[in-house]
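# Survey of secondary and tertiary structure
Each chain, letter by letter, is given below.
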Amino acid sequence: MTTENELVSSAVERIGVLTSGGDAPGMNAAIRGAVRAAGCLGIDCIGIRHGYAGLLNHDFMHLDQQVVKGITGRGGTMLYTARSSEYNTEAGVTKAADACRHMGIEGLVVIGGDGTFRGAMDLSKHGIKVVGIPCTIDNDIGCTSYTIGFDTACNTAVDAVDRLNDTMQSHERCSVVEVMGRKAGHLALAVGIATGATIILVPEVKYDFNKDVIERIRAARLAGRNNFTVIVAEGAEPGYEVADKILEATGIDTRLTMLGHIQRGGSPHVRDRVVGTSMGYKAVTLLAAGLSGKVIAMRGDKYIDLDIREAFVLTKDFDYDMYKTFSALTFMDKNTLLQSFKST
Ligand code: F6P
């Protein structure tokens with residue numbers, strides 16, 4: 001990580017900030033962190049609205065500490081976000097780079113997921129300095145142990161499942177809850193463990209529906225449970241299929257809840273406010289130091305900066321040990337628990 005004491009004067013006089021891809025709680029904290037850091041370093045800040053489309057449409061706004069006052073705790077993104085098919089062309093990228101030069105934007109802080117970083121890479125080939133901030137509720141960017149938005153989304157989903165458990169218990173029902181995560185199961189795993197779910201289905205772990213779902217529900221019922229919760233990641237299988245198969249095989253009254261975009265909203269929890277603010281500030285220090293083609297990442301609790309190309313090369317490891325431990329604890333399976341212990 002470049003240290004602030006190496007900063008004598010900024011290598012850039014004006015930067016842009018944009019948010020792209022699916023929004024996430026904490027995006028505004030990252031915007032504010034970047035804007036206040038730029039203000040400290042005497043760097044002018046331009047907000048680009050609606051992601052890369054904002055460059056193509058010259059959808060700009062001035063950013064300073066007054067404009068970003070009080071946004072740390074606000075969900076969503078004050079700069080809007082959008083996906084732009086026009087930007088995904090060579091001509092679109094060239095047009096976007098011309099827009100940056102027209103506005104005197106020498107560097108860009110891009111806040112989003114892996115798709116956002118690909119767009120930034122394309123722009124950097126035209127001489128625009130770029131630094132990425134990993135921000136998605138999926139937590140599925142391989143080069144970082146944490147992406148802004150994940151913790152808040154997990155807490156939102158956990159609150160919903162806790163509420164569902166109350167009513168499912170009263171009616172002795174089975175609750176199937178489909179959660180987001182795109183092609184990853186990190187959110188589903190965290191929510192399932194945090195809510196004491198009966199079963200967690202994720203795309204990373206293949207399963208035999210009868211053996212790993214139906215038989216386990218039957219075993220839980222025999223062990224005295226009168227309501228059941230199945231957390232299914234959207235990338236594993238459609239929630240409605242899971243609910244239909246459980247009802248058909250067991251006769252248990254089953255209800256499906258698709259949490260959907262509620263997981264993307266809400267006031268960011270403290271971790272996303274702190275990480276967002278910190279990454280926003282660190283991204284600006286890298287641009288001020290004249291660096292480009294970087295992404296801010298976390299390793300444990302430490303912030304590092306990496307070549308941005310790493311953000312879309314490494315796949316994010318799934319916590320198989322935690323998954324196995326969850327199963328062992330849920331079904332009081334001593335052998336699996338001991339195996340899981342040995343493998344740690
Ligand atoms: O990547 C974040 C995410 O919320 C995924 O978990 C989800 O599958 C996707 O975005 C939904 O995309 P959209 O908001 O375009 O429907």
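Above this text is the structure in question.
Just so it is clear, the structure is predicted and the values come from calculations on it, not from any experiment.

### With respect to the overall build of the protein
Helix and strand counts for the protein come out as 11 helices and 11 strands. Here the protein has a C-alpha radius of gyration of 22 Å; the compact-globule value for 344 residues is 20 Å, and the two agree. With respect to the principal axes defined by its C-alpha atoms, the protein has extents near 70 × 40 × 35 Å. Relative to its 344 residues, the protein shows a buried fraction of 53%. Split by element, the accessible area of the protein, about 15,000 Å² in all, is 51% carbon and sulfur. Distance between charge centres in the protein, computed from 36 positive and 40 negative side chains, equals 2 Å.

### Quick look at the site of the ligand
Around the ligand, the structure places Arg 83, Thr 136, Ile 137, Asp 138, Met 180, Gly 181, Arg 182, Glu 234, His 261 and Arg 264. In this structure, Arg 83 approaches the ligand through a side-chain N or O atom, which is 2.7 Å from an oxygen atom. Separating an oxygen atom of the ligand from a backbone N or O atom of Arg 182 is a distance of 3.4 Å. Surface burial for the ligand is 74%, taken as the share of its 400 Å² of free accessible area covered by protein chains.

### Quick look at the layout of surface pockets
Considering only enclosed or pocket space, the largest pocket measures out at about 550 Å³ in volume. With 6 residues, helix α4 (residues 114-124) is the single largest residue contributor to the lining of the largest pocket. For the lining of the largest pocket, a count of residues per class yields 6 nonpolar, 13 polar and 9 charged. As a volume, the second largest pocket reaches approximately 340 Å³. Asn 139, Ser 145, Phe 150, His 186 and Ala 190 are the residues nearest the centre of the second largest pocket, which is lined by 16 residues in total. Contributions of two or more residues to the lining of the second largest pocket are made by α5 (150-171) and α6 (186-194). Among the elements that take part in the lining of the second largest pocket, α6 stands out by supplying 4 residues, more than any other.

### Quick word on a nonpolar patch on the surface
Together, Tyr 240, Leu 256 and Met 258 make up an exposed nonpolar region whose accessible area comes to about 310 Å². By the element assignment, Leu 256 lies in strand β9 (residues 254-258). By relative accessible area, Leu 256 is classed as partly exposed at 33%.

### Thoughts on the nonpolar core
Grouped together as the largest cluster of nonpolar side chains are 63 residues, with contacts concentrated most on Ile 15, Val 17, Ile 31, Val 109, Ile 111, Ile 133 and Leu 187. Tallying contributions element by element places α5 first for this core, with 9 residues. Discounting chain neighbours no more than four positions away, the residues touching Ile 133 are Ala 30, Val 109, Val 110, Ile 111, Gly 112, Phe 117, Ile 148, Met 279, Gly 280, Ala 283 and Ile 296. Counting residues in each nonpolar core, the second largest holds 30 residues, with Val 110, Met 121, Leu 306 and Ile 308 among its members.

### Things to note about the pattern of salt bridges
Applying the stated rule across the entire model yields 18 salt bridges. We note a salt bridge from Asp 114 to Arg 182, for which the minimum N-O separation is 3.3 Å. Taken together, the positions of Asp 114 in helix α4 and Arg 182 in the loop between β6 (174-179) and α6 put the pair 68 residues apart, joining distant regions of the chain. For Asp 114, a relative accessible area of 22% corresponds to the partly exposed category. Its salt-bridge partner being Asp 253, residue Arg 173 comes within 2.8 Å of it at the nearest N-O pair. Here Asp 253 lies in the loop between α8 (239-250) and β9 and Arg 173 lies in the loop between α5 and β6, a separation of 80 residues in the sequence. Since its relative accessible area comes to 16%, Arg 173 is described here as buried. Among the ionic contacts, a cluster of salt bridges with common partners joins Asp 114, Arg 118, Asp 138, Asp 140 and Arg 182.

### Observations regarding the sheet that holds strand β4 (residues 107-112)
The 7 strands lie next to each other as β3-β2-β1-β4-β5-β10-β11, forming an open sheet whose pairing is mixed. At either margin of the open sheet sits one strand with a lone partner, and together these are β3 (60-63) and β11 (302-307). Shown here is a sheet whose adjacent strand axes are inclined to one another by a mean of 30°, direction ignored. Pairing geometry for strand β10 (residues 294-299) and β11, over 6 bridges, is antiparallel. In the strand pairing of β11, Lys 294 is matched with Asp 307.

### A word on helix α1 (residues 27-40)
Since the α-helix turns once every 3.6 residues, residues separated by three or four places project in the same direction. Counted at 1.5 Å a residue, the expected span for α1 with its 14 residues is 20 Å, and the 20 Å between its end C-alpha atoms agrees. Residues Met 27, Asn 28, Ala 29, Ala 30, Ile 31, Gly 33, Ala 34, Val 35, Ala 37 and Ala 38 constitute the buried set of α1. Contact partners of the buried residues in α1: β1 (14-19), β2 (44-48), β3, β4, β5 (129-134) and α9 (270-288). In the segment just after α1, Gly 42 is the residue with positive phi, at about 70°.

### Focus: the pairing of β1
Among the 6 residues of β1, 5 are classified as buried, and the element is accordingly described as predominantly covered. Of the pairings in the sheet, the one linking β1 to β2 comprises 5 bridges and is parallel in character. From the neighbouring strand, Ile 15 faces β2, where its bridge partner is Cys 45. A crossover links β1 with its parallel partner β2, the connecting element being α1, and its sense is right-handed. Inspection of the sheet shows β1 paired to β4 by 5 bridges, in the parallel sense. If you follow Gly 16 over to β4, its bridge partner there is Leu 108.

Definitions and limits used
Residues numbered from 1 in each chain as written. Predicted model: local features only at pLDDT ≥ 70, side-chain atom pairs only at ≥ 80, totals over all residues. Heavy atoms only, no water. Helix = DSSP H or I, 4+ residues; strand = E, 2+ residues; numbered from the N terminus. Rg over C-alpha atoms; globule rule 2.2 N^0.38 Å. Buried < 20%, exposed > 50% of the residue type's maximum accessible area, 1.4 Å probe, protein only. Areas by Shrake-Rupley, 256 points an atom, 1.4 Å probe, with all protein chains shown as cover. Lys, Arg positive; Asp, Glu negative; His and termini not counted. Charge placed at Lys NZ, Arg CZ, Asp CG, Glu CD. Near = heavy atom within 4 Å. Polar contact = N/O pair within 3.5 Å; in protein donor to acceptor, adjacent residues only side chain to side chain. 1 Å grid on protein atoms, 1.4 Å probe; cavity = no way out; pocket = protein on both sides within 12 Å on 5 of 7 lines; lining within 4 Å. Points joined across faces, edges and corners; volume = space filled by probe spheres on them. Nonpolar A, V, L, I, M, F, W, Y, C, P; charged D, E, K, R; others polar. Patch = residues over 30% accessible without salt bridge, like charges linked within 9 Å, V, L, I, M, F, W, Y side chains within 5 Å. Salt bridge = Lys/Arg side-chain N within 4 Å of Asp/Glu carboxyl O. Core = buried A, V, L, I, M, F, W, Y, C linked by side-chain atoms within 4.5 Å. Contact = heavy atoms within 4.5 Å. Pairing = 2+ DSSP bridges. Axes fitted to C-alpha atoms, helices over the stretch in contact; angles between N-to-C directions. Expected span 1.5 Å × (residues − 1). Right-handed = clockwise from strand over helix to strand, strands pointing away.

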